[in-house]
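This is what each chain is made of:
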Amino acid sequence: MEDLMKLRESIDEIDNEIVRLYKERMEISKHVAEYKITTGKKVFDKTREDEKLEKLSALADDDFLRHGIVELFEQIMSTSRKKQYQLMGLTLKIICLLR
């Protein structure tokens, strides 16, 4: 049986990588918001999100993991939308101030 400390160290390393990837994803989300602002696209794209959840959940080996993946990515996409709405709001404020 592996040592508990080694197992926890492994989890810590994975958690650090998850945080790094999350930060990277949120940075890209800013660019998505910029694109949507300039093209007039809506932030929420239900079809895209549903397709994304279906593809990601298909990577799971069982129902328990599938459910967890869906919950995780629903939260990630929700936070991404909030950031995009925030950026769109700031852009609108700047436009109003420039008028």
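Residues numbered from 1 in each chain as written. Predicted model: local features only at pLDDT ≥ 70, side-chain atom pairs only at ≥ 80, totals over all residues. Heavy atoms only, no water.

**Student:** Could you clarify how one ought to interpret a negative patch on the surface in this entry?
**Tutor:** Together, Glu2, Asp3, Glu9, Asp12, Glu13 and Asp15 give the surface a local cluster of negative charge. Its location among the elements puts Glu9 in helix H1 (residues 4–39). Given the relative accessible area of 45%, Glu9 is considered partly exposed. (Patch = residues over 30% accessible without salt bridge, like charges linked within 9 Å, V, L, I, M, F, W, Y side chains within 5 Å. Areas by Shrake-Rupley, 256 points an atom, 1.4 Å probe, with all protein chains shown as cover. Salt bridge = Lys/Arg side-chain N within 4 Å of Asp/Glu carboxyl O. Lys, Arg positive; Asp, Glu negative; His and termini not counted. Charge placed at Lys NZ, Arg CZ, Asp CG, Glu CD. Helix = DSSP H or I, 4+ residues; strand = E, 2+ residues; numbered from the N terminus. Buried < 20%, exposed > 50% of the residue type's maximum accessible area, 1.4 Å probe, protein only.)

**Student:** Which parts of the structure should I look at to understand the layout of surface pockets?
**Tutor:** A probe matching the size of a water molecule, rolled over the atoms, marks out where space remains unfilled. Of the volumes computed, that of the largest pocket is approximately 420 Å³. Along the wall of the largest pocket there are 16 residues; nearest its centre are Arg25, Val32, Arg48, Ser80 and Gln84. Sorting the residues of the lining of the largest pocket by element identifies H1, helix H2 (46–57) and helix H3 (63–98) as the ones contributing at least two each. When residues of the lining of the largest pocket are assigned to their parent elements, the largest contribution, 5 residues, is made by H1. Counted by class, the lining of the largest pocket contains 4 nonpolar, 3 polar and 9 charged residues. Approximately 200 Å³ is the volume found for the second largest pocket. (1 Å grid on protein atoms, 1.4 Å probe; cavity = no way out; pocket = protein on both sides within 12 Å on 5 of 7 lines; lining within 4 Å. Points joined across faces, edges and corners; volume = space filled by probe spheres on them. Nonpolar A, V, L, I, M, F, W, Y, C, P; charged D, E, K, R; others polar.)

**Student:** What is the right way to read the side chain of Ser80 from this model?
**Tutor:** Mapped onto the secondary structure, Ser80 falls in helix H3. When sequence neighbours within four positions are dropped, the list of residues in contact with Ser80 reads Arg25, Met26 and Ser29. (Contact = heavy atoms within 4.5 Å.)

**Student:** Sorry if this is basic, but what is going on with the confidence of the model for the protein here?
**Tutor:** Fine structural detail should not be taken from predicted coordinates in areas where pLDDT scores are low. Residues with a pLDDT of 70 or more make up 94% of the protein, whose mean pLDDT is 92. Taken element by element, the predicted model of the protein shows its lowest mean pLDDT in H3 (88) and its highest in H2 (97). (pLDDT = per-residue confidence, 0-100.)

**Student:** What exactly am I supposed to notice about H2 here?
**Tutor:** Spacing of three or four residues puts side chains on the same side of an α-helix, whose turn is 3.6 residues. In this model, H2 (12 residues) spans 16 Å end to end at C-alpha, consistent with the 16 Å of a helix rising 1.5 Å per residue. Those residues of H2 that sit buried are Glu49, Leu53, Leu56 and Ser57. Around the axis of H2, the buried residues are gathered within 90° of arc, so they sit on the same side. Exposed residues lying more than 90 degrees from the buried face of H2 are Thr47, Arg48, Glu54 and Lys55. (Expected span 1.5 Å × (residues − 1). Arc of directions from axis to C-beta.)

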